[in-house]
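What the coordinates show
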Amino acid sequence: MSSIDTPADVPRPRAAATRPAPTTLTWVTLALMTTASVASLRAAPTMAVYGLACVFLYLVPAIVFLLPTALVSAELASGWSGGVYRWVSEGLSKPLGFLAVWCQFAMTIFYYPSLLAFVASTIAYVIDPSLASNGVYTAIVIMVLYWTGVWVSSRGTKALAGLSSWGLIIGTLVPGTVLVVLGMVFLGQGNASAAPMDANHLLPQWTGLASLVLIVNNFLSYSGMEMNAVHVSSLKDPAKEYPKSMFLAVGLVLLIFILPALAISWVVPSDQLSLTAGVMQAFNAFFSYFHVGWMTPIAAVMLISASLGGMLTWLAGPSKGLLEISRGEGYLPPFLQKLNKYGIQQNILVTQGVVTSVIALLYALIPNVSSVYWIFSTITTQVYLIVYLLMFVAAMRLRKTQPDHPRGYRAPVLGLLCSVGLLASLAALAIGFVPPSQFGGSSVWSYVLVIGGGLVVLGLLIPALFLKFRKPDWRTAAADGPDATEGEQA
C-alpha cells in the first residue's frame with residue numbers, strides 16, 4: 001500500500017462462491033496488475049535519504065516479506081475465497097478474522113492523512129513551494145480532499161474512481177521514467193551527485209538501530225500482494241505461471257521503487273529532503289537545471305491525479321469489506337451498518353472522516369510536517385503488520401488442519417515461507433518503535449508512546465471493544481439473505 005493504491009479484500013457473496021471458469025488472464029498481465037497495485041513514487045523520498053543504500057533497504061524486505069506474502073496468499077486465495085477474514089477465520093478463529101479485516105480497514109485512518117499530505121505538498125509546488133512545509137495548509141488540504149472524496153464515494157459515483165486504473169501509467173511510470181532519465185542526463189553532463197554513489201555506500205551507515213528504521217516503511221510499500229492473489233485461479237497453469245508472474249512483478253516493483261529514489265538522491269541533499277515533497281523537490285531541481293520549469297505543474301498534476309484516484313478506491317474498498325462481514329456476524333453496531341440510498345456505507349465513511357480530520361489537525365500543531373508524515377506512516381505499517389502476522393500463522397495451521405482441502409496453487413516450502421515472513425513482520429514491528437535518525441533530537445520514549453499508543457488503541461483495543469459489546473441483534477436481516485458473506489460459514 002504503497003503506498004498502497006488498491007482496495008483491501010472485499011468478501012465475496014455466497015452466490016459467487018462457485019469457482020470461476022478459467023479465463024484468458026496471462027501471467028504477464030497478472031504481473032502488471034500486481035505492479036500497478038504495489039508500486040508508487042510516494043515512498044521514494046523516504047528511501048532517497050539513504051542514497052545508494054536504498055537498494056539494500058528495498059531488496060531485503062522484498063526477499064523476506066514481499067515474496068513470502070505473494071506465494072502464501074496465493075495458496076490461501078486459491079483454496080478459500082472471501083479474503084483475509086475467511087483465511088484467518090478458517091485457520092485460527094472468527095474473532096481473529098475480524099481483527100485481521102479490522103486492521104485492514106483501520107490502517108487507512110492514518111493512511112489517508114499521509115497520502116493526502118503528499119498530495120498537499122505536490123499541490124504546493126504549483127501554487128507556492130513554501131507551503132509544502134506549512135502545517136496549517138497541509139491540514140486544510142487533507143480535510144478538504146478527504147471530505148470531497150467521502151461525498152463522491154457516498155453518491156456511488158464511479159467515474160473518478162477510474163483514475164486508479166491509470167495510476168501506474170499517469171502517476172508512476174511516466175513521471176518515474178522522466179525523473180530517472182533527467183537524473184542520468186544530469187550526471188552524464190558531469191554534475192556531481194548529492195549523495196555518494198561509490199561501493200562504500202552500498203550499505204546504510206551503522207549508527208545504531210535508528211539508522212535502519214526506514215526499512216520498516218518499505219513493508220507497507222510492498223503490502224497489497226494478498227489482494228492480487230485472488231486472481232491465481234484465472235491462470236491456465238497456476239503452479240508454474242504464478243511464481244513467474246510474482247518474480248516479474250517483484251523485479252518491476254523494485255525498479256520503480258529504487259531508480260526514482262536514486263534519482264532524487266542525485267539532486268536533493270538528504271538534509272534538505274522533505275519526506276512529503278521530495279519527489280517535487282527533485283522535479284523542480286531537474287526542471288530548473290534544464291530550463292523547463294514550466295513542466296513542474298504538469299508533473300504535479302500527474303502525481304496528484306494518481307493519488308486521488310487511489311484514495312477514492314481505498315475509500316470504497318476496506319470499509320465495504322468491514323461492512324459486509326459485520327452485517328453477517330454483527331461485529332459493528334447498526335448505526336455503522338446503515339447504507340444510504342446509493343447502497344454505500346456512508347456512516348462508516350463519515351465516522352472515519354471525523355477521526356481523519358482530528359488527525360489532520362496534528363499537521364497544524366506540530367511544526368515539522370515531515371515528522372508527522374513519518375509518524376503516521378509508521379503507525380499505518382504497525383497496524384497493517386498485524387494482518388500479515390495472522391495470515392502467516394493461519395496459513396501454517398490450515399496446511400496442517402486441512403491438508404486435503406482443494407487448492408489451485410500450493411506454495412513451495414510453505415512452512416519456511418511463513419516462518420521467514422512471520423519473523424520479518426515481527427522484526428519490522430519491533431524496529432518500528434525505534435525513532436529514525438531524523439528524530440535524534442526528540443525524546444525516544446515520547447516517540448515510542450505515540451507509535452505504541454496508535455498501535456494498541458487502533459489495532460487492538462477498538463476491535464476488542466467491538467467484540468466484547470457486540471449483541472445478537474447487531475446482525476442485520478440482510479445478512480441472512482443470498483448476499484451474505486462467506487465469512488458466515490467460516
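Relevant structure appears above.
First things first, this report covers the structure right here in the doc. Please read all numbers here as calculations on a predicted model, not as lab measurements.

Counting its regular elements, the chain contains 17 helices and zero strands. For the chain, contacts bridging at least 24 residues in sequence account for 84% of all contacts bridging at least 6.

Counting residues in each nonpolar core, the largest one holds 145 residues, and the members touching the most others are Tyr58, Val72, Tyr222, Tyr242 and Ile264. Tallying contributions element by element places helix 5 (residues 94–127) first for this core, with 21 residues. When near neighbours in sequence (up to four residues on either side) are disregarded, Ile264 contacts Ala44, Pro45, Ala48, Leu179, Leu273, Gly278, Val279 and Ala282.

Our focus in this paragraph is the packing of aromatic side chains. Enumeration according to the criterion identifies 15 aromatic pairs in this entry. Centre to centre, the rings of Tyr85 and Tyr331 are 6.3 Å apart; their planes meet at 70 degrees, and the pair counts as edge-to-face. Of the two residues, Tyr85 sits in helix 4 (residues 83–91) while Tyr331 sits in the loop between helix 12 (296–329) and helix 13 (334–337), which places them 246 residues apart along the sequence. Tyr331 carries the same exposure label as Tyr85, and that label is buried. When the ring of Tyr384 is compared with that of Tyr388, the centres are 5.3 Å apart and the planes differ by 45 degrees; the resulting orientation is tilted. With Tyr384 and Tyr388 both in helix 15 (residues 369–401), this residue pair falls four residues apart, about one helical turn. Owing to a relative accessible area of 1%, Tyr384 belongs among the buried residues under this scheme. Site record: aromatic cluster; members linked through ring pairs are Tyr85, Phe98, Trp102, Phe105, Tyr331 and Phe466. Directly above the aromatic system of Phe469 lies the positively charged group of Lys468, at a separation of 5.8 Å from the ring centroid.

A word on the packing of helix 5 against helix 14 (residues 346–365). Packing of helix 5 against helix 14 leaves a shortest axis separation of 10 Å and a crossing angle of 50 degrees. Here helix 5 is positioned oblique relative to helix 14, judged by the angle of their axes. Judged by the twist between their axes, the crossing of helix 5 over helix 14 is right-handed. Here helix 5 contributes Phe105, Thr108, Ile109, Phe110, Tyr112, Pro113, Ser114 and Ala117 to the contact with helix 14, which in turn contributes Ile348, Gln352, Val355, Thr356, Ile359 and Tyr363. Of the residues that constitute the contact of helix 5 with helix 14, the class distribution is ten nonpolar, four polar and no charged.

In this section: helix 16 (residues 414–431). Between its terminal C-alpha atoms helix 16 stretches 25 Å, which fits the 26 Å expected from 18 residues at 1.5 Å a residue. Burial in helix 16 covers these residues: Leu414, Leu417, Cys418, Gly421, Leu422, Ala424, Ser425, Ala428 and Leu429. The buried side chains of helix 16 occupy one side of the element, clustering within an arc of 165 degrees when seen end-on. Counted as exposed and oriented over 90 degrees from the buried face of helix 16: Leu416 and Leu423.

A contiguous nonpolar patch, built from Val456, Val457, Leu460, Leu461, Leu465 and Phe469 and spanning about 510 Å² of accessible area, is present on the exposed surface. Along the polypeptide, Val456 turns up in helix 17 (residues 444–469). Its relative accessible area of 43% is what places Val456 among the partly exposed residues.

This next bit is on unusual backbone geometry. Although it is not a glycine, His291 adopts a positive phi angle of roughly 60 degrees. When you line up the elements, His291 lands in the loop between helix 11 (278–289) and helix 12. Its relative accessible area of 70% is what places His291 among the exposed residues. Unusually for a residue other than glycine, Val413 sits at a positive phi of about 40 degrees. Within the secondary structure, Val413 is located in the loop between helix 15 and helix 16.

Below, the discussion takes up the environment of Ile123. Secondary-structure assignment places Ile123 in helix 5. When residues no more than four places from it in sequence are discounted, the contact partners of Ile123 are Tyr137, Val141 and Ile304.

The next point concerns the side chain of Glu75. With respect to the element layout, Glu75 can be found in helix 3 (residues 54–79). A distance of 2.8 Å separates a polar side-chain atom of Glu75 from the backbone nitrogen of Ala411. Contacts of Glu75, omitting those with residues within four sequence positions, involve Trp80, Arg399, Arg407, Tyr409, Arg410, Ala411 and Leu414.

Their axes nearest at 8 Å, the elements helix 6 (residues 135–154) and helix 14 cross at an angle of 170 degrees. Taken together, the axes of helix 6 and helix 14 are roughly antiparallel relative to one another. Of the residues in helix 14, those in contact with Gly135, Val136, Thr138, Ala139, Ile142, Met143, Tyr146, Trp147, Val150, Ser153 and Ser154 of helix 6 are Gln346, Leu349, Val350, Gln352, Gly353, Val354, Thr356, Ser357, Ala360, Leu361, Tyr363 and Ala364. For the contact of helix 6 with helix 14, a count of residues per class yields 14 nonpolar, nine polar and no charged.

As a further point, take helix 6. When the terminal C-alpha atoms of helix 6 are compared, their 28 Å separation across 20 residues agrees well with the 28 Å that a helix rising 1.5 Å per residue should span. The backbone nitrogen of Val136 lies 3.0 Å from a side-chain oxygen of the residue at the head of helix 6, namely Asn134.

Criteria and thresholds
- Residues numbered from 1 in each chain as written.
- Predicted model: local features only at pLDDT ≥ 70, side-chain atom pairs only at ≥ 80, totals over all residues.
- Heavy atoms only, no water.
- Helix = DSSP H or I, 4+ residues; strand = E, 2+ residues; numbered from the N terminus.
- Contact = heavy atoms within 4.5 Å.
- Core = buried A, V, L, I, M, F, W, Y, C linked by side-chain atoms within 4.5 Å.
- Buried < 20%, exposed > 50% of the residue type's maximum accessible area, 1.4 Å probe, protein only.
- Phe/Tyr/Trp six-rings, centres within 6.5 Å; stacked < 30°, edge-to-face > 60°.
- Lys NZ or Arg CZ within 6 Å of the ring centre and 35° of its normal.
- Axes fitted to C-alpha atoms, helices over the stretch in contact; angles between N-to-C directions.
- Parallel < 35°, antiparallel > 145°, perpendicular 65-115°, else oblique.
- Left-handed = near helix turned anticlockwise from the far one by under 90°.
- Nonpolar A, V, L, I, M, F, W, Y, C, P; charged D, E, K, R; others polar.
- Expected span 1.5 Å × (residues − 1).
- Arc of directions from axis to C-beta.
- Patch = residues over 30% accessible without salt bridge, like charges linked within 9 Å, V, L, I, M, F, W, Y side chains within 5 Å.
- Areas by Shrake-Rupley, 256 points an atom, 1.4 Å probe, with all protein chains shown as cover.
- Salt bridge = Lys/Arg side-chain N within 4 Å of Asp/Glu carboxyl O.
- Polar contact = N/O pair within 3.5 Å; in protein donor to acceptor, adjacent residues only side chain to side chain.

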